[in-house]
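Chain and residue survey
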Amino acid sequence: MDTALSRALSRVLSTRASKATPIIDLDKPHAPCSGDLFSNDYLSLTSNPGLKSHFLETLSKQTNVLGSTGSRWIAGNSEWHVALEQQMMRFFSAPAALLYSSGFTANLGILATLPQASDAIIFDERIHASCHAGMALSRTLPAARIQFTHNSIHSLRKCLVSVLDSCPQFRSGTSTIFVVVESVHSMDGDVAPLEEIIATIDELVPSQSAHLMVDESHATGVYGSAGRGLVSLLGLESKVHTRLHTFGKGIGSSGAVVLTTPLTRTYLINYSRSLIFTTSAPIFSLIATSCAFDVLEANGDRLIARLMHLCRFFADALALHLRPIPSAVMSLMPRTTPPISPIFPILVCAPLALETYLRREGYAATAMPHPVVPRGKERIRVCVHAGNTEDELLRFVRVLTLWAKNYTAETQDGRGTAMHKSHL
Ligand SMILES: Cc1ncc(COP(=O)(O)O)c(C=O)c1O
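All residue numbers refer to positions counted from 1 along the written sequence of the respective chain. pLDDT decides what is reported in this predicted model: residues at 70 or higher carry local features, side-chain atom pairs at 80 or more are listed and counted, and totals for whole chains, interfaces and linings draw on all residues regardless. Processing note: side-chain calculations cover all non-hydrogen atoms of the structure and skip hydrogens and water entirely.

Looking at an unreviewed UniProt entry, one finds the protein named PLP-dependent transferase and attributed to Mycena metata. According to the UniProt record, the Cofactor (unreviewed entry) comment for the protein reads "pyridoxal 5'-phosphate". Reading the Sequence similarities (unreviewed entry) entry of the UniProt record for the protein gives the comment "Belongs to the class-II pyridoxal-phosphate-dependent aminotransferase family. BioF subfamily." UniProt positions are given in the numbering used here, feature names are shortened, and annotations may be inferred rather than shown by experiment.

Rendered as structure tokens:
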């Protein structure tokens, strides 16, 4: 039916398409699988036979396994909520742990709820959309939410000094400056200079006024002993006030845990709307998460060693095969500092054309065009997994660079631009 709303929605969607921003289609058929090179299941836990049997065995011992009983706030704690939070406190050496049904609702809850009206939030310019959603709901003034250049200590320092100089409540320790960063960036795969970030905060901000929050979503299962994350790898647990670990990536499950102080946990339970007014995780999901952490404790270091070996193998193969390709056509996004990460952003001049080609070749690639990523940084985001094989990775590198060679040749004889445009 033709309604005012349907016309408004169609208008917005066609404007989006005319700006060469793809209309996302979740219903397009899946590419036949040529190995997982795109999911965030870094340790391949979703297909780990040991985890599958541990999960099924644990599940079979439960009487109630299906569904959830509603909001945790209303229905109270299930035995599994209590058990998983205690497991998280032990595993991550944290004083308190609070489960959320997703990382999105956790970031939303933390940033909408904790900062008080006179506080400031200084955040990395590339933090996740869920943090932006939380900040927008917070009581802080819009002018007190300040972004710094991605992973730049120089820029962080400038922002801190400017906030400290403009508002006496931060030097007197009566209000809080929140600093929000991702330990591994979800799109770029680069690692935050956490030690320098903490040194800068320690140097400039009185300790009563500092609150550092680190989103460890893409470091969970990847760094630190048994995948405890970057904060743990660097021994910085006591310096980070709030940590977020999500379960939908390296843990192969869903949900998230906030690691923080007992007081902050109580405050969130009482005021975080994204915890209070939503259904809590179902029991089978809590069991899956708990079993995944058991597998990490037992085999995590071995899986991570395999993952890191494959990351180095892939990086070397890619560097070799990309050498003859003009960087304007395809290149690996340069990274500054170790450690190596399993996220490889392949910058490409025609991401949608490459996506179409890769899907025909059986790869479930998704293009990341502008404005998902900044202009000039359009890409295909490739992830290496512990369950990949060297053959699989090499085959993919060959398929990828064959496209780049053909594209370069066609562009040089004048047909490439037409091909590019036809895919936009
Ligand atoms: C950095 C980061 N934080 C938070 C989230 C949200 O996590 P979840 O998928 O559990 O909602 C994501 C996932 O998209 C992420 O990449």
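Picking up where we left off.
Proximity is defined per residue: any heavy atom of the residue falling within 4 Å of a molecule or strand makes that residue near it. Neighbouring residues of the ligand: 13 residues in total, closest Gly-103, Phe-104, Asp-215, His-218 and Lys-249. Pairing of N or O atoms within 3.5 Å defines a polar contact, subject to two protein rules: one partner must be a possible hydrogen donor and the other a possible acceptor, and residues neighboring in sequence count only if both atoms are side-chain atoms. Between an oxygen atom of the ligand and a side-chain N or O atom of His-128, the distance comes to 3.1 Å. Asp-215 has a polar side-chain atom sitting 2.7 Å from a nitrogen atom of the ligand. A 1.4 Å probe and the Shrake-Rupley method give the accessible areas. Residues count as covered only by the protein chains that appear here. Across the complex, the protein chains shield 81% of the 390 Å² of accessible surface that the ligand would expose by itself. Among the elements that make up the shell around the ligand, the one with the highest residue count is helix α5 (residues 103–113) (three residues). Secondary structure follows DSSP: runs of H or I at least 4 residues long count as helices, runs of E at least 2 residues long count as strands, and numbering of each begins at the N terminus.

As used here, the term nonpolar core means buried Ala, Val, Leu, Ile, Met, Phe, Trp, Tyr and Cys residues forming a set that is joined through side-chain atoms within 4.5 Å. Relative accessibility decides the category of a residue: with a 1.4 Å probe and only protein chains considered, values under 20% of the type maximum give buried, values over 50% give exposed, and everything between is partly exposed. Grouped together as the largest cluster of nonpolar side chains are 101 residues, with contacts concentrated most on Met-330, Leu-358 and Trp-403. Per-element tally for this core: the top contributor is helix α13 (residues 283–322), with 19 residues. Where each domain starts and ends comes from a domain assignment, either automatic or drawn from a database. Two domains share this core, each providing at least three of its residues, namely domain 1 (25–47 + 300–422) and domain 2 (68–281). Dropping the residues within four chain positions of it, Leu-358 is found in contact with Tyr-363, Ala-365, Ile-380, Phe-396, Val-399 and Leu-400. The next biggest cluster of nonpolar side chains, apart from the first, holds 19 residues, and it includes Phe-123, Phe-178, Val-180 and Ala-256. We call two residues in contact whenever any of their non-hydrogen atoms come within 4.5 Å of each other.

Here we take up the confidence of the model for the protein. On a range of 0 to 100, pLDDT expresses the predictor's confidence in each residue. When pLDDT is averaged across the protein, the result is 91; 95% of the residues are at 70 or more. Low pLDDT (under 50) marks residues 416–424, which in the prediction has 13 contacts with non-local residues, meaning those over four places away or in another chain.

Another aspect to go through is the domain arrangement of the protein. According to the domain assignment, the protein consists of domain 1 (25–47 + 300–422) and domain 2 (68–281). For domain 1 and domain 2, the distance between their C-alpha centres works out to 30 Å. Contact with domain 1, which involves 24 residues of that partner, is made by 21 residues of domain 2. With both sides pooled, the region where domain 1 packs onto domain 2 buries about 1700 Å², and carbon together with sulfur makes up 60% of that total. For the pair domain 1 and domain 2, the number of links is eight residue pairs in polar contact (both at pLDDT 80 or more). The classification used treats Ala, Val, Leu, Ile, Met, Phe, Trp, Tyr, Cys and Pro as nonpolar, Asp, Glu, Lys and Arg as charged, and all other residues, Gly among them, as polar. Considered class by class, the residues forming the side of domain 1 that touches domain 2 number 14 nonpolar, five polar and five charged. Summed over both partners, the accessible surface that disappears when two parts come together, traced with a 1.4 Å probe, is what is meant by buried area.

With respect to burial, strand β2 (residues 120–124) is a largely interior element, five of its five residues being buried. Every second residue of β2 is oriented toward a common face, with Ala-120, Ile-122 and Asp-124 on one face and Ile-121 and Phe-123 on the other, all of them buried. Strands pair, by our definition, only if DSSP identifies at least two bridges between them. Bridge analysis of β2 against strand β4 (residues 177–182) gives four bridges, and the strand direction is parallel. What sits directly across from Ile-122, in β4, is Val-179. By the bridge criterion, four bridges tie β2 to strand β3 (residues 145–148) in an arrangement that is parallel. Its bridge partner lying in β3, Asp-124 is registered against Phe-148. Seen with its strands pointing away from the viewer, a crossover is right-handed when the path leading from the first strand over the helix to the second is clockwise. Note that the unit made of β2, helix α6 (residues 129–137) and β3 has a crossover that is right-handed.

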